[in-house]
Amino acid sequence: MGVLLDENSRVVIQGFGGAGQREAKTSREYGTQIVCGVTPGRGGQILEDTPIRNTVREAVDEFDANVSLIFVPAPFAADAILEAADAGIPVAICITEGIPVQDMVRVKRALDGSETLLIGPNCPGVITPAARARAGIMPTDVYLEGNVGVISRSGTLVYETVDQLTRAGIGQSSSVGVGGDPIIGTTQAEALALFEADPDTAAVVLIGEIGGTAEQEAAAYVAQMSKPVTAFIAGATAPPGRRMGHAGAIIAGKAGTAEAKKAALREAGAMVADSPSQIGETCLEQLRSAGLL
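Computed from a prediction, not measured in an experiment: that's the story for all the values here.

Asks: Please give an account of the nonpolar core that cites residues and values.
Replies: Core analysis: the largest hydrophobic core is formed by 44 residues, its most contacted members being Ile93 and Leu265. Ignoring any residue separated from it by four or fewer positions in sequence, one finds Ile93 in contact with Val67, Ser68, Leu69, Ile70, Ile119, Cys123, Gly125, Val126 and Ala135. If you look at the next biggest cluster of nonpolar residues, it comprises 27 residues, including Val72, Ala78, Ala80 and Cys94.

Asks: Quick one: what's the story with helix α7 (residues 214–222), residue by residue and with numbers?
Replies: Residues of α7 that are buried include every one of Glu215, Ala218, Ala219 and Val222, and no others. All buried residues of α7 project into a common sector of 105° when viewed along the axis, lining one side. Those residues of α7 hidden inside the fold are in contact with α6 (188–197), β12 (203–209), β13 (229–234) and α8 (258–268).

Asks: Outline the pairing of strand β8 (residues 125–128), listing residues and values.
Replies: Residue alternation in β8 divides its side chains into two sets, Gly125 and Ile127 and Val126 and Thr128, and both sets are buried. Two strands pair when backbone bridges link them, and β8 and strand β9 (residues 133–136) are joined in this way by 4 bridges, in the antiparallel orientation. Residue pairing for β9: Val126 is matched across the bridge by Ala135. Of the pairings in the sheet, the one linking β8 to strand β11 (residues 172–177) comprises 2 bridges and is antiparallel in character. When the bridges of β11 are listed, Ile127 appears paired with Ser175.

Asks: Go over the sheet that holds strand β6 (residues 91–94) with me, naming the residues and quoting the values.
Replies: The 7 strands lie next to each other as β3-β4-β2-β1-β5-β6-β7, forming an open sheet whose pairing is mixed. The sheet terminates laterally at β3 (46–47) and β7 (117–119), the two strands that pair on one side only. One ladder, built from 4 bridges, connects strand β1 (residues 10–14) with strand β5 (residues 67–70); its direction is parallel. Bridging from a neighbouring strand, Val11 pairs with Val67 of β5. Sitting on the sheet, helix α1 (residues 18–30) is in contact with β1, β2 (33–38), β3 and β4 (50–53), with an inclination near 165° to β2.

Asks: How would you summarise the pattern of salt bridges if you had to cite specific residues and measurements?
Replies: According to the stated counting rule, one finds 14 salt bridges in the structure shown. The salt bridge partner of Lys261 is Glu215, with a shortest N-O separation of 2.5 Å. Note that Lys261 is positioned in helix α8 and Glu215 in helix α7, a separation of 46 residues in sequence. For the pair Lys261 and Glu215, a shared accessibility class is recorded, and that class is buried. Its salt-bridge partner being Arg266, residue Asp274 comes within 2.9 Å of it at the nearest N-O pair. Asp274 gets classed as partly exposed once you look at its relative accessible area, which sits at 48%. Salt bridges sharing partners connect three or more residues here, namely Arg153, Glu209, Glu215 and Lys261.

Asks: Go over helix α3 (residues 74–86) with me, naming the residues and quoting the values.
Replies: Between its first and last C-alpha atoms α3 spans 19 Å; for 13 residues at 1.5 Å apiece the expected length is 18 Å, and the two agree. Taken residue by residue, α3 has Ala74, Ala77, Ala78, Ala80, Ile81, Ala84 and Ala85 as its buried positions. Along the axis of α3, the buried positions cluster into a sector of 160°, meaning they face one direction only. In α3, the exposed positions that point more than 90 degrees away from the buried face belong to Pro75, Phe76 and Asp86. Buried residues along α3 sit in contact with β1, α2 (56–63), β5, β6, α4 (101–111) and β7.

Asks: Before we move on, can you summarise unusual backbone geometry with the specific residues and values?
Replies: The peptide bond linking Gly120 to Pro121 adopts the cis configuration, its omega dihedral lying at 10°. Note on placement: Pro121 falls in the loop between β7 and β8. Even without a glycine there, the phi angle at Asn122 is positive, about 55°. Classification of Asn122 as buried rests on a relative accessible area of 11%. In this structure, Arg132 is a non-glycine residue whose phi angle is positive, near 55°. Mapped onto the fold, Arg132 is located in the loop between β8 and β9. What makes Arg132 partly exposed here is its relative accessible area of 41%.

Asks: Provide a residue-level description of the environment of Leu206, including the pertinent values.
Replies: Its place among the elements puts Leu206 in strand β12. The exposure class assigned to Leu206 is buried, which follows from its relative accessible area of 1%. Those residues in contact with Leu206, other than ones at most four positions away along the chain, are Ile151, Gln188, Ala218, Val229, Thr230, Ala231, Phe232 and Leu265.

Asks: Could you give an account of the environment of Glu48, naming the residues involved and the relevant values?
Replies: Position of Glu48 among the secondary structure elements: in the loop between β3 and β4. Among residues more than four places away in sequence, those in contact with Glu48 are Gln21, Lys25 and Arg28.

About the thresholds
Every residue gets a number counted from 1 within its own chain, in the order that chain's sequence is written. This being a predicted model, a pLDDT of at least 70 is required before a residue's local features are given, and a value of 80 or more before pairs of side-chain atoms are given or counted; all residues contribute to the totals for chains, interfaces and linings. Derived side-chain values reflect all non-hydrogen atoms in the structure, with water molecules and hydrogen atoms excluded from consideration. Only buried residues count toward a nonpolar core. Its members are Ala, Val, Leu, Ile, Met, Phe, Trp, Tyr and Cys residues joined through side-chain atoms within 4.5 Å. When accessible area is computed with a 1.4 Å probe and restricted to protein chains, residues below 20% of their type maximum are described as buried, those above 50% as exposed, and intermediate ones as partly exposed. Whether two residues are in contact is decided by their heavy atoms: any pair within 4.5 Å suffices. A helix here means a DSSP run of H or I that spans at least four residues, while a strand means a run of E at least two residues long, and both kinds are numbered starting from the N terminus. To obtain the arc, one takes the directions from the helix axis to the C-beta atoms. DSSP calls a pair of strands paired once it identifies at least 2 bridges connecting them. To obtain an axis, a line is fitted to C-alpha atoms, over the contacting stretch when the element is a helix, and the angle between two such axes runs from 0 to 180 degrees between their N-to-C directions. In the sections that follow, a salt bridge refers to a side-chain nitrogen of Lys or Arg positioned within 4 Å of a carboxyl oxygen of Asp or Glu. To estimate how far a helix should reach, multiply one less than its number of residues by 1.5 Å.

This is the structure we're talking about:
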């Protein structure tokens, strides 16, 4: 049932402050199992109907937590990710933005070969509508149960994309925000592989941005997929050298331009929308041409 989150997901929230408490309430109302919050020094308290523990290890041992949602401030977020991995959490989703690049280099090295899959940082999270499972900050009212997977570097743009899909009657299997920082955990190509292997996903929408070569790497994977992919690249009018929104969205060389990314995706067989307002209708056209509607 979708990827990364399902009805068996038991979510612990690291950094149970204002944002953590707010999103715990929204996720629980949606139907998600929020089993525990972690804030060192506040173990034993109950906040927003959520038991608090001092460590992730306690959350795993007492409540069988298997997903971590991280709201820990940037200077300490890398250590929070590593704590989740050390406790054996299979999926860690880091919402925090602005984690120092050097800290993320350390995290990437530590997670190499680990059984913990990191989503983010600087991401909107993950949601699987059919399972009513949400670990993130996305609005729940725009999502519709269905069989199209969604991958995005952008939070705001993924909400717009999903709203277009839902209005067109195209439901989603899961939505994964991979994050917009220069160094992230799961890449777009790796997220595509998750959806390719998911029997409940029939097609994928990929939302990318200028900067880096992640979309070209994703295109190389798209070329070997059995499922149709619709894509959009944000930032076509961005001037070279200027960061646009995300820390990773900066053109530094021809490979980072929107045109280079769109060309690679088209060559790989994806159907590419040229405007954000056309994502929904482009996906609809792709599904029809693939005989999925």
